[in-house]
Amino acid sequence: MASTGSSSSSWSSSNWVMENAATPHVLAVDDNLIDRKLVEKLLRNSSCKVTTAENGPRALEFLGLTDSEQNAMNGRSKVNLVITDYCMPGMTGYELLKKIKESSSMKEVPVVIMSSENIPTRINQCLEEGAQMFMLKPLKQSDVKKLTCQLMN
């Protein structure tokens, strides 16, 4: 298979859409500050509302998925998408994906995994566990446009 650039993506087969046509709210999770700021900027350029977290536990806390799900959505905006780095200390993006997909309140929220490493077994594992897409870093504006187009349609 030919590659046309430094970034590519893999999609799962299911389609997903945003429930309302308002500004999509994206939770971006990455332990690397520069990568997190880049993803945040690209998402904001695509008219998304962005909340950032520096690790998996912080993301779970924001989503209300820490000890019990009774906190879920209390005072939190609905998140339309979670985009997370794969390689993070403490909790990988894959582990975060599994926790989100195990949750009754959050399992329908699309999760996108990003990584600088193109490892097919890792990509397939994430897609099989329910990731909507696997994207290679560094992300480009065109990658984020694909995401937001999917959210809006």
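As recorded in an unreviewed UniProt entry, the protein chain goes by the name Response regulatory domain-containing protein, listed as coming from Arachis hypogaea.

Asker: Help me understand the pattern of salt bridges, please; the structure alone is not making it clear to me.
Answerer: Where charged atoms from two side chains of opposite charge come close, those side chains can pair. For the structure shown, the criterion picks out seven salt bridges. Between Lys-137 and Asp-85 there is a salt bridge whose closest N-O contact spans 3.1 Å. Note that Lys-137 is positioned in the loop between β6 (133–136) and α5 (141–152) and Asp-85 in strand β4 (residues 81–85), a separation of 52 residues in sequence. With relative accessibility at 14%, the residue Lys-137 sits in the buried group. Residue Asp-85 is classed as buried on the basis of its relative accessible area, which comes to 5%.

Asker: Please explain the packing of helix α2 (residues 56–63) against helix α3 (residues 93–102) as it appears in this structure.
Answerer: In a pair of packed helices, the angle between the axes and the distance between the axes together describe the arrangement. Running from amino to carboxyl end, α2 crosses α3 at an angle of 20 degrees, the nearest separation of the two axes being 10 Å. Judged by the angle between their axes, α2 and α3 are roughly parallel. Crossing of α2 over α3 shows right-handed handedness. When α2 is examined against α3, the residues Gly-56, Ala-59, Leu-60 and Leu-63 are found in contact with a partner set consisting of Leu-96, Lys-99 and Ile-100. For the contact of α2 with α3, the per-class residue count stands at five nonpolar, one polar and one charged.

Asker: Looking at this structure, how should I read the nonpolar core?
Answerer: Taken as a class, soluble globular proteins show a tendency for nonpolar side chains to be buried jointly. Core analysis: the biggest nonpolar cluster contains 27 residues, and Leu-27, Val-29, Leu-63, Val-82, Ile-100, Ile-113 and Cys-126 have the highest contact counts within it. Put simply, the parts of the chain that give this core at least two residues each are β2 (25–29), α2, α3, β5 (111–115), α4 (120–128) and β6. Ignoring anything within four residues of it in the chain, the contact list for Val-29 reads Ala-53, Asn-55, Gly-56, Ala-59, Val-82, Ile-83, Thr-84, Asp-85, Met-88, Leu-96 and Met-114.

Asker: Just to check I follow, could you spell out the UniProt feature "modified residue: 4-aspartylphosphate" (unreviewed entry) in the protein chain for this structure?
Answerer: If you check UniProt for "modified residue: 4-aspartylphosphate" (unreviewed entry), the listed places come out as Asp-85 in our numbering. Contact partners of Asp-85, with chain neighbours within four places excluded, come to Val-29, Asp-30, Asp-31, Gly-93, Met-114, Ser-115 and Lys-137.

Basis of the calculations
- Residues numbered from 1 in each chain as written.
- Predicted model: local features only at pLDDT ≥ 70, side-chain atom pairs only at ≥ 80, totals over all residues.
- Heavy atoms only, no water.
- Salt bridge = Lys/Arg side-chain N within 4 Å of Asp/Glu carboxyl O.
- Helix = DSSP H or I, 4+ residues; strand = E, 2+ residues; numbered from the N terminus.
- Buried < 20%, exposed > 50% of the residue type's maximum accessible area, 1.4 Å probe, protein only.
- Axes fitted to C-alpha atoms, helices over the stretch in contact; angles between N-to-C directions.
- Parallel < 35°, antiparallel > 145°, perpendicular 65-115°, else oblique.
- Left-handed = near helix turned anticlockwise from the far one by under 90°.
- Contact = heavy atoms within 4.5 Å.
- Nonpolar A, V, L, I, M, F, W, Y, C, P; charged D, E, K, R; others polar.
- Core = buried A, V, L, I, M, F, W, Y, C linked by side-chain atoms within 4.5 Å.
- UniProt positions renumbered as here; feature names shortened; annotations may be inferred.

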